[in-house]
Amino acid sequence: MAMLPNQLPKLAQDPAGRSLGLNLPPGTLVDTTSEGRRHEPLLWHSEAPAEPGSWEGLLPARMSAGLHPVLLSMDEALPATRDLDPGAMSYPGGHDADEVLAGLWGDEEESDEDDADLTAPFGRTWPGLAPAREFEADPDVRAAEVAASVVGEGWIKDPRAALVPARRSADVPAAIGWTGPCNHENDVARLCAVLRSWEERFGVRVVAVAFDVLVLSVAAPPATVDEAEAVAAEHFAFCPDNVTQGCGSLRAYAESLVDAHAWSFWWD
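Below: a short report on this structure.

What about the sheet that holds strand β7 (residues 205–209)?
Now for step 1: A sheet is described by the order of its strands in space; here seven strands give the open sequence β1-β4-β6-β5-β7-β8-β9, paired in mixed fashion. With one partner strand each, in any of the chains shown, β1 (27–30) and β9 (262–266) form the two edges of the open sheet. Across the sheet, the axes of successive neighbouring strands diverge by a mean angle of 25 degrees, strand direction being ignored.

Below you can see the structure in the form of structure tokens.
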């Protein structure tokens, strides 16, 4: 996939990142994947467990070096070489979010055609993208708040603060070749195209990644159940397990999205 120049190799000789205007704690560069070692690192992560302010502390790296902060779970050996497959990913900018979600919606509707209530009130027809909302907070400020909760409240196990070279926060999962949603979508770049759209419409940031879990911060969540139903339809296409193995219906799931400052997804 298309990438900006990767500044991570500089950390091999300059571990604190001072040449990049950073002051990093001791950390590790990861350059191994399911296909073997790569010619340059995929990511950097801290050696010590993350603290509530760790995500915010790495935010300057985005402006100075094009490195995006994210929290990575070390549970189940992530990042493990068997889980990272960047070579299998396309470029998020090559996909249209509406087309991606419409296709995934159709796949889920076909497999659940006997459960007419699952996606009510929309049924088999893809309703299209939900309208954009006015941001109620700065997306980075909201992301820092959610990241602090992820660490402080134990949303993911054994989190580490990490930096990933990517064009934008939404591209982070594809940039590292994350395969958490592989039972639903093998090319995570297609889901990252949706994340890009959510960045623009709802002020989303990718805050945390675990083995099969993704946590996003949301600067412009839906304010009513009616608004939330349109967003819930997108979530169902993006990650049907949130509905089928959670609330059991799109309408019930939508209620949990009203004024929610974080969205989390889990693929079985």
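Next comes the rest of the account.
Observations concerning helix α6 (residues 188–202)
Now for step 1: Over its 15 residues, α6 extends 20 Å from the first C-alpha to the last, a length consistent with the 21 Å expected when each residue adds 1.5 Å.
Now for step 2: Of all 15 residues that make up α6, 13 are buried, and the element is covered over most of its length.

A short note on unusual backbone geometry
Now for step 1: Omega for the bond connecting Ala120 with Pro121 falls within 30 degrees of zero, at 15 degrees, which places this linkage in the cis form.
Now for step 2: Mapped onto the elements, Pro121 comes out in the loop between α3 (97–111) and α4 (139–152).
Now for step 3: In this structure, Asp158 is a non-glycine residue whose phi angle is positive, near 50 degrees.
Now for step 4: Locating Asp158 in the fold gives a position in the loop between α4 and β6 (159–165).
Now for step 5: Relative accessible area serves as the criterion here: at 37%, Asp158 is assigned to the partly exposed category.
Now for step 6: With a phi angle near 60 degrees, Asp259 is a residue other than glycine that sits in the positive phi range.

Parameters at a glance
Residues numbered from 1 in each chain as written. Predicted model: local features only at pLDDT ≥ 70, side-chain atom pairs only at ≥ 80, totals over all residues. Heavy atoms only, no water. Pairing = 2+ DSSP bridges. Helix = DSSP H or I, 4+ residues; strand = E, 2+ residues; numbered from the N terminus. Axes fitted to C-alpha atoms, helices over the stretch in contact; angles between N-to-C directions. Expected span 1.5 Å × (residues − 1). Buried < 20%, exposed > 50% of the residue type's maximum accessible area, 1.4 Å probe, protein only.

Keep in mind these values describe shape, not function.
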